[in-house]
Amino acid sequence: MKNIKNTTSDNICFYMAINQINKNTIKDVCYEAKSNKKVRAVSFNFHTPYPNTSKLALSKTEKQHCCDVIAQMIDEKVPVFNLKNAFPYLIDQKFPTPCHQCLVIENGKISICGRCIDVPNLCSQCGYFFVAEYTLIFGGNRKMILDMLKTYLKYI
Ligand code: SF4
């Protein structure tokens, strides 16, 4: 926060992966984003349980609670750069995976996602909000498309 106060940039986005350690700080992060003129938006993910990090992952009930808090923040006009209509899919872990829109070439190897190379079964526990949002949008989900237009137009 000290670094943000001292920066000359006014185009900062908070990016928070919600986990067992920080799950109760969502409102604090949102209110800071709303009150700090240098911060344009805040964007969330749930912790994706990469090897040896499963203790940080949230339960379904905890995800539901977090989504309720984020939805409340959106209603309070916090600049949240996520799509509310994706929340039920994220809570139930029911969105199309893997995320074919993330094509990455790393170490000479083509992968569908640079962060998930060689991690078996990770997609079924994926916590990336943008994956749910974009796979649903590209799948033609109308509610998501409208939500995207409404949300993204605020930032253009
Ligand atoms: S874990 Fe998530 S981000 Fe990684 S490939 Fe699977 S769907 Fe994509």
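Scroll up a little and you will see the structure.
Residues numbered from 1 in each chain as written. Predicted model: local features only at pLDDT ≥ 70, side-chain atom pairs only at ≥ 80, totals over all residues. Heavy atoms only, no water.

### Let's talk about the pairing of strand 2 (residues 39–46)
The side chains of a regular strand alternate between both faces of the sheet. Keep this limit in mind: Only protein chains enter the accessibility calculation, which uses a 1.4 Å probe; a residue is then buried when its area is under 20% of its type maximum, exposed when over 50%, and partly exposed in between. In this description a helix means any DSSP run of H or I spanning at least four residues, a strand means any run of E spanning at least two, and both kinds are numbered starting from the N terminus. Being paired, for any two strands, means DSSP has found at least two bridges between them. Seen with its strands pointing away from the viewer, a crossover is right-handed if its path from the first strand over the helix to the second goes clockwise.
The buried fraction of strand 2 is high, at 7 of 8 residues. In this sheet, strand 2 lies alongside strand 1 (residues 12–18) in parallel orientation, the contact comprising 7 bridges. If you follow alanine 17 over to strand 2, its bridge partner there is asparagine 45. At this point the chain moves from strand 1, through helix 2 (residues 26–35), to the parallel strand 2, and the crossover so formed is right-handed.

### As for helix 2
Think of an α-helix as 3.6 residues a turn; residues three or four steps apart then line up on the same face. The cut-off we apply is this: When we speak of the arc, we mean the arc of directions from the helix axis to the C-beta atoms. Working rule for contacts: check all heavy atoms of both residues, and any pair within 4.5 Å makes them a contact.
Burial in helix 2 covers these residues: Ile26, Cys30 and Ala33. Along the long axis of helix 2, the arc covered by the buried residues comes to 60°, so they all point the same way. Across helix 2 from its buried face, at more than 90 degrees, point the exposed residues Asp28 and Ser35. Among the structural elements, strand 1, strand 2 and helix 3 (60–75) are those in contact with the buried residues of helix 2.

### A closer look at the environment of leucine 122
Summarising the element assignment, leucine 122 is placed in the loop between strand 4 (109–111) and helix 5 (129–138). Residue class for leucine 122 comes out buried when judged on its relative accessible area of 3%. Counting along the chain gives 108 residues from leucine 122 to phenylalanine 14, while the straight-line C-alpha distance between them is 25 Å. Once you skip the residues sitting within four places of it in the chain, leucine 122 turns out to touch Thr48, Pro49, Tyr50 and Cys116.

### Thoughts on the packing of helix 2 against helix 3
We count it as follows: Note on geometry: axes are lines fitted to C-alpha atoms, helical ones only across the stretch in contact, with angles between N-to-C directions running from 0 to 180 degrees. Working definition: roughly parallel below 35 degrees, roughly antiparallel above 145 degrees, roughly perpendicular at 65 to 115 degrees, and oblique for all remaining angles. A crossing counts as left-handed when the near helix is turned anticlockwise from the far one by less than a right angle, and as right-handed when that turn is clockwise. In this classification, Asp, Glu, Lys and Arg are treated as charged, Ala, Val, Leu, Ile, Met, Phe, Trp, Tyr, Cys and Pro as nonpolar, and every other residue, Gly included, as polar.
Contact geometry for helix 2 and helix 3: axes closest at 10 Å, N-to-C directions at 20°. In terms of axis orientation, helix 2 runs roughly parallel to helix 3. Judged by the sense of rotation from one axis to the other, the crossing of helix 2 with helix 3 is right-handed. Taking contact as the criterion, the partners of Ile26, Lys27, Cys30 and Tyr31 in helix 2 are, on helix 3, Cys66, Val69, Ile70, Gln72 and Met73. When grouped by side-chain class, the residues that make up the contact of helix 2 with helix 3 number 7 nonpolar, 1 polar and 1 charged.

### Examining unusual backbone geometry
A negative phi angle characterises most non-glycine residues, just as the trans form characterises most peptide bonds. In this chain, threonine 97 is followed by proline 98 through a cis amide linkage whose omega measures -5°. Of note, proline 98 is situated in the loop between helix 4 (87–92) and strand 3 (104–106). One non-glycine residue, lysine 77, adopts positive backbone phi at about 65°. Counting through the fold element by element, lysine 77 comes out in the loop between helix 3 and helix 4.

### Some remarks on a nonpolar patch on the surface
Definition in use: Patch members must show over 30% relative accessible area and no salt bridge, and they are joined within 9 Å when carrying like charges or within 5 Å when they are nonpolar side chains of Val, Leu, Ile, Met, Phe, Trp or Tyr. All accessible areas in this document rest on Shrake-Rupley with a 1.4 Å probe, and a residue is counted as covered only by the protein chains that are shown. Should a side-chain nitrogen of Lys or Arg be within 4 Å of a carboxyl oxygen of Asp or Glu, the pair is scored as a salt bridge.
Taken together, the side chains of Leu146, Leu149, Leu153 and Ile156 make up a nonpolar region of the molecular surface, amounting to roughly 480 Å² of accessible area. When you line up the elements, leucine 146 lands in helix 6 (residues 142–153).

### Overview of the packing of aromatic side chains
Put simply, the test is: Whether two aromatic rings pair depends on their centres lying within 6.5 Å, for rings of Phe, Tyr and Trp, where Trp uses its six-membered ring; planes under 30 degrees apart make the pair stacked, over 60 edge-to-face, and the rest tilted.
What the rule picks out here adds up to 5 aromatic pairs. Each ring, one from phenylalanine 81 and one from tyrosine 152, has its centre 4.8 Å from the other, and the planes form 25°; the classification is stacked. Of this pair, phenylalanine 81 sits in the loop between helix 3 and helix 4 while tyrosine 152 sits in helix 6; the two residues are 71 residues apart in sequence, bridging distant segments of the chain. For phenylalanine 81, a relative accessible area of 27% corresponds to the partly exposed category. In textbook terms, an aromatic cluster arises when at least three aromatic residues are bridged by ring pairs, as seen for Phe46, Phe87 and Phe129.

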